[in-house]
Structures are given as C-alpha cells and as structure tokens.
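Structure assessment
The chain contents come next:
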Amino acid sequence: EIDEIIIAIPSASRKEIQSLLTKCDALKKKVKIMPPFYEVIDDKVTLHKIRNVEIEDLLGRDEIKIDNQGISEFIRNEVVLVTGGGGSIGSELCRQIVNYKPKKLIIFDIYENNAYDIQNELIMHHVDVDLSVLIGSVRDEKRLDEVFSEYQPTIIFHAAAHKHVPLMEESPKEAIKNNVFGTYNMAKKAKEYKAKKFVLISTDKAVNPTNIMGASKRYAEMIAQAFNKECTTQYAAVRFGNVLGSNGSVIPLFKKQIKEGGPVTVTHKDIIRYFMTIPEAVELVLQAGAFAEGGEIFVLDMGEPVKIIELAEKLIRFSGYEPYSEIRIDITGLRPGEKLYEELLLKEEGLKKTFNEKIFVSEVNGYYLNIIDKQLDELKAIIDKDDVVIQEVFKRFVDTYKHNE
C-alpha cells in the first residue's frame, strides 16, 4: 500500500530517471525526486533537497555535447549585444555569455523590469563582468544608432520579438512592426557598424506558417539571409521549438491552473509540440553562432514530440492529484493561427548535418536585399491604414504563409 515514491539516485543518467519516472507515473502515486548531482554540486545533498518531480525531469535529455573551446573563441573579448535580453531566451543567453568572458555585454530591452532583474542577477554572480543595460526598442532606428555608435558591438544576438501566436493574431500589425521592421533595423545597423556576426533567434513556427507571428519570423530569416549576401557581417538564424518554462509557455500555465484547483486547459486532444529546456536551447544557439559562416538557417534537433494532453496528465499526477477526477482537463479548441503540430523544416529545404549531432543546416535561400527593401517600402506605406488586412498583403511576401487555412 505505497502512497509516495522517492527516487534517490542522483548519479543516474537522465534516460534512467525518465525510465523510472514513466514506471512510477503508471502506478499513479505521488513521486518525489532527489535532484541529480550536477544540480547540487556545491551543496551537501540533504533531505530538504528532495523536491517534487518537475516536467524537465521527464522531458530533459542527456547532456548535450558542446564545443566550449569553439564558443569561447567566438565570444571572448568581443562586445556582445543581446536584444530582448530580459526575456526567457535573451536572459539565458546573457547568463551563458558572461561565462565565456566577453569584453563587454550589452543587454537591450524595451521592458525595464525584466532587464533590471537580469542585471541584478548577473552583477551578483559575476562581479567582474562589464555590463551595460539599455532600455529601448528595436523599432526605433535613432535609438539603435545611439547604441551602436557608442558601444560598437561586434556580435549581436537578436532575440527581441513578439512571440505569442493568439495575441499577434489580434494585433498583426504589431508583429510586423517588431519582428519584421525591428529585425531589418538591427540587421542594417550590424552592416553599417561592421559587426562580425548577427544571430537571429527564430522559431519552428516560421515553417509553413499559419499565423502572422510565424510568417513575420520567416520574413525575419529572409532579411538576415538578404543582408548576408551584401556585406562582410555574417548573418545566421537559429530555429527551434518550444522551450520549457519560458514566459507564457504551457508548463507555467498548467502549474498555475493546477495550483488553483483546475481546470487545466488544452486546446486539442491531439495537439503535439517539441520541447527543449531553455539552457539546452541557448547552448545550441551559441554553438550555432560560433559555427556560422553566414547565410545559414540552423535547425535544432528537438527530440521526440510530446502530446500536450499527456503532459497535462503527468503534471497533475506529479502534483499529487488524479487527472479528470480531482483536477479536470478541459479541451478548449484550437486558437486562431494555431497548428496541431509544428514543423521544423520546409519540405523543399533539405538538411545538412554539422559537427554537432543536435544542429542541422537548412538549405533554403533568402531573397536579395533590393527585393526586401521594395517590399518593406510597400508595407511601410500601408501598415497604418485602417482598411488594410495586413495578413492578406503579407501572404504575397511569404509564399509559404497559409493565412485562414
């Protein structure tokens, strides 16, 4: 008559832990776990370290093999600018970048609270880091000129973006202004101030997009590739799926719903997503950035897809409740622009392997800059007109965009 199971094998590999968790989950018992050694390396392993099972324990994969030397050569003594540096991906980029000893790190974000939080965290843990935290928008070209002329960044990670699919369906012009014009402004400044590398953070939603967010990110990739053909700066994009625990993602939402006693809301019983932890994704972004020679769209291997309804059931059980009887799961219907499954590749793209088994290179090509400039002039002229359905116009620019299909 067992009520609770504690897994106390901190030396076990992630695969072994996952196997045990799957078996425990089938028993429908409350499960706790002793964290792995690498989580408590500086501390004594004591009883209070035993914690509830997190979804990361179940979805995390074995440690990714990273060429730290290559990343170190890429980052060391460079002036690194991270746009959207206060966000989920941006802030983790900053955490990892400081370990590689840049000459200076510039965090640029429009949202001061997040920027303030990551500033305090980095100052506390890295007293020797030369850090500048600047507030501003990638839409504001004059502000970007001030930043680039004063700090002369040599490496740019462009993570600033609007990313919430349903919100952007409601405010599609804002997606264009931020993700398209913002990316263009950043890419242009990188060229003008002769930065060495520009790495765009992209998304699997850019593949055959059914929403304006994905279409705007696909166009951002095309902008990066167009600039790459014109100048000495090396431009690349990195595409990946959902990251566990990022702001507004499904896991924190489920946890909040469970804490409030339910219901947990899932949009469709068959919906699947690819997941990766934030540190994993950022390690691979840095690796891809070091590897980039210009013009690539890197695609991260996201592992096996996860059924969202099963994720909800497991989270409920890990929290000590029984799904459906103690905590309800409601199916709410797909939201505007939402797909049942995300794709990491366009059919015509093809993939080339790289030296890292988790990173591939898409062979899709972008436009030339004169075409991009012409299209953006057209967009600029109409974007503030009330009678324009911007999605219909944008379909002409991103031929894989399937609005309303």
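Structure: see above.
We now turn to the structure provided with this report. (Residues numbered from 1 in each chain as written. Predicted model: local features only at pLDDT ≥ 70, side-chain atom pairs only at ≥ 80, totals over all residues. Heavy atoms only, no water.)

Attention now goes to the overall build of the chain. In terms of regular secondary structure, the chain is built from 14 helices and 18 strands. Compactness check: the chain gives a C-alpha radius of gyration of 22 Å against a globular reference of 22 Å for 405 residues, within 12% of the reference. Oriented by its inertia axes, the alpha-carbon framework of the chain measures out at about 70 × 50 × 40 Å. Counting the 405 residues in the chain, one finds 56% classified as buried. (Helix = DSSP H or I, 4+ residues; strand = E, 2+ residues; numbered from the N terminus. Rg over C-alpha atoms; globule rule 2.2 N^0.38 Å. Buried < 20%, exposed > 50% of the residue type's maximum accessible area, 1.4 Å probe, protein only.)

Before going further, it helps to spend a moment on the pairing of strand β6 (residues 131-135). Here strand β5 (residues 104-109) runs beside β6; their pairing, made up of five bridges, is parallel. Opposite Ile107, over in β6, you have Val133 as the bridge partner. (Pairing = 2+ DSSP bridges.)

Within this structure, the stated rule accounts for 24 salt bridges. The closest approach of N and O atoms between Asp384 and Lys177, which form a salt bridge, is 3.7 Å. One end of the pair, Asp384, is in the loop between α13 (369-382) and α14 (390-394); the other, Lys177, is in helix α8 (residues 172-192), and 207 residues separate them in sequence. Classification of Lys177 by relative accessible area gives partly exposed; the value is 22%. Linked through salt bridges whose partners overlap, the residues forming this network are Glu141, Asp145, Lys188, Lys189 and Glu192. (Salt bridge = Lys/Arg side-chain N within 4 Å of Asp/Glu carboxyl O.)

So, on to the nonpolar core. Of all hydrophobic cores here, the largest spans 52 residues; its most connected members are Ile176, Tyr219, Ile372, Leu379 and Phe394. In terms of residue count, the dominant contributor to this core is helix α9 (residues 212-228) (10 residues). Leaving out residues up to four positions away in the same chain, Ile176 has contacts with Phe181, Ile212, Leu379, Ile383, Ile390 and Phe394. Within the second largest apolar cluster, 42 residues are counted, among which are Ile71, Val80, Ile107 and Ile155. (Core = buried A, V, L, I, M, F, W, Y, C linked by side-chain atoms within 4.5 Å. Contact = heavy atoms within 4.5 Å.)

Consider a sheet: its strands pair through backbone hydrogen bonds, and that pairing is either parallel or antiparallel. The strand order across the open sheet formed by nine strands is β6-β5-β4-β7-β8-β9-β14-β18-β17, and the pairing between neighbours is mixed. Every interior strand has two partners, whereas the edge strands, β6 and β17 (351-353), have only one. Strand-to-strand twist of the sheet, defined as the mean angle between neighbouring strand axes without regard to direction, takes the value 25°. In this structure, strand β7 (residues 155-158) lies alongside strand β8 (residues 197-203), joined through four bridges in parallel fashion. Directly across from Ile155, in β8, lies its bridge partner Lys197. Its contacts with the sheet put helix α5 (residues 112-125) on β5 and β6, and the angle it makes with β6 is roughly 175°. (Axes fitted to C-alpha atoms, helices over the stretch in contact; angles between N-to-C directions.)

So, on to the packing of α8 against α13. Where α8 meets α13, the axes come as close as 12 Å, and the angle between the chain directions of the two elements is 140°. The angle between the axes of α8 and α13 places the two elements in the oblique class. Helix-helix and strand crossings are classified by hand; for α8 and α13 the assignment is left-handed. Contacts from Ile176, Val180, Phe181 and Tyr184 in α8 reach Leu369, Ile372, Asp373, Leu376, Leu379 and Lys380 in α13. (Parallel < 35°, antiparallel > 145°, perpendicular 65-115°, else oblique. Left-handed = near helix turned anticlockwise from the far one by under 90°.)

Everything listed here is a matter of coordinates, which is why it stays silent on function.
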